[in-house]
Amino acid sequence: DAAARLQGRQRDLAEARASLGMVLKNSGDLQGARIEYQKAVELQPGYSMAQMWLGVLMLGMGDTNEAVRRYEAALQLDPLHPAVQINYLSALIARGELDRAREEGQRLLTLTPNAKVRKLLWQVSLERGSYDEVLAQAVGQAGATDGTPFLGDAVIEALIYLQRFAEAERLLDENRAA
């Protein structure tokens with residue numbers, strides 16, 4: 001059927017345009033990359049990765065509003081994709097929308113467990129000065145880390161801000177011994 005062939009060609013062309021966008025971005029031609037990513041999205045609006053890559057580019061160019069719009073589109077298309085989730089929350093944090101980032105992060109965690117989303121929520125709590133939340137989240141996730149030091153660092157920072165110095169010092173000593 002001609003319509004199916006045309007749709008397949010548009011999908012292939014969209015992927016080619018997105019790939020060219022990536023090559024241009026990596027070579028420093030950000031405007032060229034933007035054009036190619038936008039063409040990919042126009043050809044295949046349901047191509048979540050093209051939406052996300054355009055968002056990444058826009059965030060890097062300082063246009064956080066457009067980045068968030070692109071991440072929202074990608075998230076609508078592929079709500080379980082961990083990179084889309086992380087980029088979306090990171091852009092909200094970059095815009096200073098900490099309450100919204102917190103709400104969205106909690107919503108995303110109901111869809112699928114994502115340790116990096118959880119870490120971004122800890123970052124939000126730290127930036128909001130909600131150190132008690134960091135400790136509560138850490139206690140709730142004890143033993144559930146993915147091997148990165150962020151949890152320990154966040155807990156230590158929270159303990160220091162809460163002036164629980166002895167506990168912070170104990171954790172620091174444990175980290176040094178490990």
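Residues numbered from 1 in each chain as written. Predicted model: local features only at pLDDT ≥ 70, side-chain atom pairs only at ≥ 80, totals over all residues. Heavy atoms only, no water.

**Quick look at the overall build of the protein**
Let me state the cut-off plainly: In this description a helix means any DSSP run of H or I spanning at least four residues, a strand means any run of E spanning at least two, and both kinds are numbered starting from the N terminus. Relative accessible area decides the class of each residue, using a 1.4 Å probe on protein chains only: under 20% of the type maximum gives buried, over 50% gives exposed, and in between gives partly exposed. For this analysis, residues touch if any pair of their heavy atoms sits within 4.5 Å.
For the protein, the helix and strand inventory stands at 10 helices and 0 strands. Shown N-terminal to C-terminal, the secondary structure of the protein runs as helices and strands in the order α-α-α-α-α-α-α-α-α-α. Among the 178 residues that make up the protein, the fraction classed as buried is 37%. Counting contacts in the protein only where the partners sit at least 6 residues apart, residues at least 24 apart contribute 47% of the total.

**Digging into the nonpolar core**
Selection criterion: We define the nonpolar core as a collection of buried residues of types Ala, Val, Leu, Ile, Met, Phe, Trp, Tyr and Cys that are connected through side-chain atoms lying within 4.5 Å of one another.
In terms of nonpolar packing, the biggest core is built from 32 residues, with Y88 and L89 touching the most fellow members. Breaking this core down by element, the ones donating at least two residues are α1 (2-26), α2 (30-43), α3 (48-60), α4 (64-77), α5 (82-94), α6 (98-111) and α7 (115-128). Here the element with the most residues in this core is α5; it accounts for 7 residues. Those residues in contact with Y88 that lie beyond four places of it in its chain are V68, Y71, E72, L75, R100 and E104.

**Quick notes on α7**
Inclusion rule: The length a helix should cover is 1.5 Å for every residue beyond the first. In protein, a polar contact requires one atom able to donate a hydrogen and another able to accept it; more generally it is a pair of N or O atoms within 3.5 Å, and residues adjacent in sequence count only if both atoms are side-chain atoms.
Look at α7: 20 Å from first C-alpha to last across 14 residues, which is about the 20 Å you get at 1.5 Å a residue. Within α7, the full set of buried residues consists of V117, R118, K119, L120, L121, W122, V124, S125 and L126. At the N-terminal boundary of α7, the capping side chain belongs to N114, with an oxygen 3.0 Å from the backbone nitrogen of K116. Directly after α7, the chain includes G129, whose backbone phi takes a positive value near 80°.

**Points about α5**
The terminal C-alpha atoms of α5, which comprises 13 residues, lie 18 Å apart, in line with the 18 Å expected from a rise of 1.5 Å per residue. Every buried residue of α5 is accounted for by V84, Q85, I86, Y88, L89, A91, L92 and I93. Its buried side turned inward, α5 meets α3, α4, α6 and α7.

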